[in-house]
Amino acid sequence: MVVHAKPAALDQISLVRSAEPGGGAASSSLFPGVPAVDLSGPGAAAAVVDACERFGFFKVAHHGVPARVVDRLESEAAAFFAKPQAEKDASGPANPLGYGSKRIGRNGDTGWLEYLLLAVDHHQAAAAVSKASPVPSSSLREAVSEYVGAVRGVAARVLEAVAEGLGVAPRDALSGMVSGAASDGVFRVNHYPPCPLLQRLPDSCSVTGFGEHTDPQLVSVLRSNGTPGLQLALRDGRWVPVPPDRDAFFVIVGDSLEVLTNGRLKSVRHRVVANSLKPRVSMIYFAGPAPEQRIAPLPELLGHGEQGAYREFTWGDYKKAAYRSRLGDNRLDPFRRR
Ligand code: GA4
């Protein structure tokens with residue numbers, strides 16, 4: 001019998017059962033793959049709503065964000081993560097903003113990654129990394145600001161499509177929540193170094209890069225390099241890998257959009273597993289509202305006299321509660337009406 005001891009370097013990092021490609025023999029026929037939506041195409045609103053209802057997740061094709069903007073940030077991020085550890089540590093530890101390594105949040109979650117987490121200020125014409133965020137260099141600050149300026153437009157178009165597809169008026173009822181000057185945008189760039197130790201574990205085991213969780217905001221817009229690792233949970237709980245696509249953006253439905261749509265759209269659990277050979281770099285923009293924003297089911301989505309399925313909260317309170325939780329907790333549960 002072969003006994004696989006967990007290598008000491010992975011002491012603090014938990015292992016996960018691998019998702020089988022396609023979601024396993026039983027489900028591969030049921031999972032047609034991640035839907036791709038052309039936001040400017042005819043029927044975009046219906047396609048966005050359909051993908052969000054079925055998976056809480058889809059890929060945006062033909063998004064119009066120049067490759068130059070994405071590539072610039074990717075190379076700035078690579079240059080930062082290649083710096084000596086002491087230089088990176090000078091921008092951390094993330095609390096929650098700044099440089100973090102292996103630790104996620106404040107309550108003991110860990111993963112095989114390092115990252116930069118930054119707050120974003122929204123101005124009419126442009127987005128900018130907030131002064132409160134420790135950014136290692138002005139060139140990285142500029143690259144992030146330019147990138148977020150572009151992807152916040154993708155988030156806004158997605159939320160306009162959701163409003164249109166669900167028959168919510170005005171068209172900017174949702175997108176307006178995440179684009180005002182007081183809105184709480186967050187940006188993170190994750191670097192998952194190769195994890196050669198994986199080769200010493202059985203095939204059925206992976207190393208946690210970023211543990212399973214839902215995102216608390218309305219939507220998140222993710223772009224990664226060509227290294228696999230992202231997985232999502234289907235509605236039946238089965239995990240499926242998301243094939244990487246460096247030219248696309250992936251949209252992830254968050255808890256706040258679940259509540260606003262009274263559960264028509266559901267936030268999706270997702271996670272990242274480490275790769276044994278190649279580094280993975282992902283950049284994610286989290287579209288959050290202003291701290292005072294009330295998050296409650298939109299009246300248009302309730303029948304006459306119907307009570308919403310969730311109790312109301314403000315984004316500020318929800319965020320505070322999130323920071324007291326563990327990554328994998330179901331943070332919406334306390335707000336569900338039974
Ligand atoms: C998950 C989504 C975003 O990455 C994030 C994360 C945040 C953090 O890394 O600081 C949290 C996590 C995320 C939810 C629960 C809390 C807070 C880590 C954690 C354990 C930036 C966010 O907004 O919530």
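Residues numbered from 1 in each chain as written. Predicted model: local features only at pLDDT ≥ 70, side-chain atom pairs only at ≥ 80, totals over all residues. Heavy atoms only, no water.

1. Quick look at the overall build of the chain
A tally of regular secondary structure across the chain gives seven helices and 16 strands. For 338 residues, the compact-globule formula gives about 20 Å, and the C-alpha radius of gyration of the chain, at 19 Å, lands near that figure. Projected onto its principal axes, the C-alpha coordinates of the chain cover approximately 65 × 50 × 40 Å. Relative to its 338 residues, the chain shows a buried fraction of 53%. (Helix = DSSP H or I, 4+ residues; strand = E, 2+ residues; numbered from the N terminus. Rg over C-alpha atoms; globule rule 2.2 N^0.38 Å. Buried < 20%, exposed > 50% of the residue type's maximum accessible area, 1.4 Å probe, protein only.)

2. Some remarks on the sheet that holds strand β10 (residues 230-233)
Read across the open sheet, the five strands follow the order β1-β8-β13-β10-β11; overall the sheet is antiparallel. What marks the edges here is a single partner per strand, and that holds for β1 (15-17) and β11 (239-241). With direction set aside, neighbouring strand axes in the sheet form an average angle of 45°. Pairing of β10 with β11, which is carried by three bridges, proceeds in the antiparallel orientation. What sits directly across from Leu-232, in β11, is Val-240. (Pairing = 2+ DSSP bridges. Axes fitted to C-alpha atoms, helices over the stretch in contact; angles between N-to-C directions.)

3. Some remarks on unusual backbone geometry
Pro-96 follows Asn-95 through a cis peptide bond whose omega is -10°. Relative to the helices and strands, Pro-96 resides in the loop between α4 (85-89) and β4 (98-104). The phi torsion at Lys-102 lies on the positive side, around 65°, for a residue other than glycine. If you trace the backbone, Lys-102 turns up in strand β4.

4. Some words on the pairing of strand β14 (residues 280-287)
Across the eight residues that make up β14, a large majority, eight, are buried. Of the two faces of β14, the one carrying Arg-280, Ser-282, Ile-284 and Phe-286 and the one carrying Val-281, Met-283, Tyr-285 and Ala-287 are both buried. When strand β7 (residues 185-192) meets β14, the two strands line up antiparallel, connected through seven bridges. Looking across to β14, one finds that Arg-188 is bridged to Ile-284. Sheet topology places strand β9 (residues 219-224) next to β14; six bridges connect them, and they run antiparallel.

5. Examining the site of the ligand
Within the structure, the ligand sits among 15 residues, and Arg-188, Gln-217, Phe-286, Ala-322 and Tyr-323 are positioned closest to it. At 2.8 Å from an oxygen atom of the ligand is found a side-chain nitrogen or oxygen belonging to Arg-188. If the ligand stood free it would expose 460 Å²; the protein chains cover 97% of that surface. Looking at the shell around the ligand, the elements with two or more residues in it are β5 (109-122) and α7 (315-323). Counted by class, the shell around the ligand contains seven nonpolar, four polar and four charged residues. (Near = heavy atom within 4 Å. Polar contact = N/O pair within 3.5 Å; in protein donor to acceptor, adjacent residues only side chain to side chain. Areas by Shrake-Rupley, 256 points an atom, 1.4 Å probe, with all protein chains shown as cover. Nonpolar A, V, L, I, M, F, W, Y, C, P; charged D, E, K, R; others polar.)

6. With respect to the pattern of salt bridges
Applying the stated criterion to the full structure yields 21 salt bridges. Between Arg-246 and Asp-71 there is a salt bridge; the shortest N-O distance is 3.9 Å. Of this pair, Arg-246 sits in the loop between β11 and β12 (249-253) while Asp-71 sits in helix α3 (residues 67-81); the two residues are 175 residues apart in sequence, bridging distant segments of the chain. The partly exposed category is assigned to Arg-246, whose relative accessible area is 38%. Looking at Asp-71, the relative accessible area reads 37%, which means it is partly exposed. Where Glu-74 meets Arg-223, a salt bridge forms, and the shortest distance between an N and an O atom there is 2.8 Å. Here the residue Glu-74 occupies a position in helix α3, and Arg-223 occupies one in strand β9, the gap between them amounting to 149 residues. With relative accessibility at 16%, the residue Glu-74 sits in the buried group. Judged by its relative accessible area of 2%, Arg-223 falls in the buried class. Via salt bridges that share partners, Arg-68, Arg-72, Glu-142 and Glu-146 belong to a single interconnected network. (Salt bridge = Lys/Arg side-chain N within 4 Å of Asp/Glu carboxyl O.)

Limitation: the analysis is restricted to geometry and does not speak to function.
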